[in-house]
Amino acid sequence: MADELSQNVIKRIIRQVGLECAGQGQSLSETLVAFMVKAVVLDPKNDFNMDRILTEDDVQNLIQLCVTRLLDTTNPSLSTIKLQVYFDTNYANRAELLNEQQRVLEGKLAPLVRGITESGPRTQEEMEYVYQRIVTYVLLSSGLGSPTDIEAVREVTAALQSVFPQREMPTFISLSKKDKEQQLKDLTMLVTGIRLYNKECQKGGSGIDDLPAILNEAIPSATRTVDEHLNSCHLLVYQYTALLESMQEDPDRYPQLESFKLKEALFNVRQYEAFLCILLSDGITSAQEVESLNVQFEAAMTTLKNTVQDKTSIASKEVFPLFFELSKIWTSFQDEMLLLSFLTYMTDDLQQFLEIQSQLFPEGMLTSLLEGVTVKSDEERIKETLETRVNTSDFENQEWLFPENSENFDQLLIQYHGFCAHSIGVKGLILPGNPAIGVLKHKEKCYTFSSKEVAYIFAQDPDNFIQLNIEKAKEYAELIQLLELHHQFEDLVPHTEARNANKCVMKLPPKCDSGTQTDTHILPPTIVRSYEWNEWELRRKAIKLANLRRKLTHSMQTNLSHMRRDNFTQAFLPKEADTQTKRDNSSNVPKPQIFLKGLRGGSSPTTHMVAVDLTRPIDET
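It should be emphasised that the depicted structure is a prediction, and the values quoted were computed from it without experimental measurement.

(A) Fine view of unusual backbone geometry. Even without a glycine there, the phi angle at His 417 is positive, about 60 degrees. Residue placement: His 417 occurs in the loop between strand S1 (399–401) and helix H16 (423–427). Since its relative accessible area comes to 39%, His 417 is described here as partly exposed. Its identity as a non-glycine residue notwithstanding, Glu 484 has a phi of 60 degrees, on the positive side. One can find Glu 484 in the loop between helix H19 (479–482) and helix H20 (495–499).

Spelled out as structure tokens, the structure:
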């Protein structure tokens, strides 16, 4: 009951915040509002204690705080949270994106596939209609042309007839639905391979773009664009970091600059940088994949040309696998086109979340603030500490990892996204960690540091600095995703409060509907029905079998079984017979006729009836 009550309260808060923001002209997604509610609750300045009851005043105060932060468009923290929510809801890796595209394509072609596989044509006209639908399916499924392109339709029809003539339609119709769907996919791949070969031989190819050439030109251009955005982002990161370090050394140097806005701006750019690195990695992967596909395509096409040459006929078992291989490679080219389009779209869309930087800190303002300040890049900071290493003999109870004493050192899972574990909570800065100094392994987790000095300080009391980082993430909620601290905020609700049915908790335990289904018997049954464990039962069966040797076989017939045998009966037809009399004779009698007079009455009160017999005598007849 407490969980249901808490869930209703949270939904009410999210709905109310969304309505009030919409009333102010800001239409926000439910995911963004929910994230902001969590950020406001976590912020220690708002004094939302997770161990006390959430009253109605707390709910209204929480709603107002969320609305205020969501409407503050000059706050870099809001832009960072919007950026994180946008990326989480829109980004998909290669496998997810391709699977979703395949699902969408199958959904669009599903009515056409059903029309082909579920039809039962009988006449020649119906057969031709289904065949034309197969041509349309092959054209749409391959993605090589449009059904409105007459030349492309002709090429597909000619290629299809060479491997699947119309006379084979009755055989296709007799297949099961599953086999029909599989044959449609095979026909699509065969026709695609044939059309690609014809295009290479300059005998067709209408509606087929030169994807290898397009990708070879577009992918480097897209990666250069991402790299340019990344360089601009790096410059802002270095400048903001230098300003923050200068402000901490001399707090009175920049009285006109709000430090918290600068920190939030730094977090915003760092998050933007992290997402751009993901997109750049995808672009590099696509470039490598296209390079490999180009080699495979050229090799497959050469093999196909050598196999076909100028032969008028060739065995299908020799050439069909080559067409299949050619089609698979071309499908991979189409996938890379989709991934490239997604990469370009995401790169352009992420730019909107960095526009606040130029509004808060124009280029001229940054130039004037940075006069006399040394701006260091992440690479320069790492180079400064390359020669310094932690002396493991100074620590008795701490484990330090180095390339020489640990396998797969470059693949260690570093906490805080590889940033310095000390500077986050103490200085509020995000500085790059240098693994060459030494990687501290504390409670099965690895931490890196920006210098040897801070590494020694952190190692003296790691739990204290880890808690400081958590408190900093509560103050700046965007750090939870930037520093990958989700595991630190999984259990914010005390178990005592979760057990109290009368309290309203702020965070519900994660729940989901799930179901599993297994076969009743996965393996074939191994039960021996003739097995008998009872010794006396075995003795009884043995005696029964022994007695059968002295028995004779008898048969009998009962009322219920006598009709089971074949019976035959035969009857003779009756013979014709007739008789004759000596003479014909007849008799006739007169019909009696009696007339009654006076039945209707008369003038007298009494009725006098007279009966007159009018029957003729017998001798007169």
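(B) Looking closely at the packing of helix H10 (residues 211–249) against helix H12 (residues 316–350). Interaxial distance between H10 and H12 falls to 10 Å at its minimum, and their mutual angle equals 25 degrees. Judged by the inter-axis angle, H10 sits roughly parallel to H12. Classified by chirality, the crossing of H12 by H10 is left-handed. Taking contact as the criterion, the partners of Leu 211, Pro 212, Ile 214, Leu 215, Ala 218, Ile 219, Ala 222, Thr 225, Val 226 and His 229 in H10 are, on H12, Trp 330, Phe 333, Gln 334, Glu 336, Met 337, Leu 340, Leu 343, Thr 344 and Thr 347. Here the residues of the contact of H10 with H12 are counted per class, giving 13 nonpolar, five polar and one charged.

(C) Quick peek at the nonpolar core. Of all hydrophobic cores here, the largest spans 121 residues; its most connected members are Ile 134 and Phe 449. No other element matches the 17 residues that helix H11 (residues 259–308) contributes to this core. If we ignore the near neighbours within four places in the chain, the residues touching Ile 134 are Ile 116, Leu 160, Phe 164, Met 169, Phe 172 and Leu 184. Counting 24 residues, the second largest nonpolar core, distinct from the first, contains Ile 13, Val 33, Ile 63 and Ile 81.

(D) Quick look at empty space enclosed by the protein. Counting across every chain of the model gives two cavities of 30 Å³ or more. Contributing to the lining of the largest cavity are Tyr 91, Ala 92, Asn 93, Arg 94, Leu 279, Asp 282, Ser 286, Leu 339, Leu 340, Phe 342 and Leu 343. Mapped onto the lining of the largest cavity, the elements with two or more residues apiece are H11 and H12. Take the lining of the largest cavity: its biggest share by element is four residues, from H12. A breakdown of the residues in the lining of the largest cavity according to their chemical character gives seven nonpolar, two polar and two charged.

The rules behind these values
Residues numbered from 1 in each chain as written. Predicted model: local features only at pLDDT ≥ 70, side-chain atom pairs only at ≥ 80, totals over all residues. Heavy atoms only, no water. Helix = DSSP H or I, 4+ residues; strand = E, 2+ residues; numbered from the N terminus. Buried < 20%, exposed > 50% of the residue type's maximum accessible area, 1.4 Å probe, protein only. Axes fitted to C-alpha atoms, helices over the stretch in contact; angles between N-to-C directions. Parallel < 35°, antiparallel > 145°, perpendicular 65-115°, else oblique. Left-handed = near helix turned anticlockwise from the far one by under 90°. Contact = heavy atoms within 4.5 Å. Nonpolar A, V, L, I, M, F, W, Y, C, P; charged D, E, K, R; others polar. Core = buried A, V, L, I, M, F, W, Y, C linked by side-chain atoms within 4.5 Å. 1 Å grid on protein atoms, 1.4 Å probe; cavity = no way out; pocket = protein on both sides within 12 Å on 5 of 7 lines; lining within 4 Å. Points joined across faces, edges and corners; volume = space filled by probe spheres on them.

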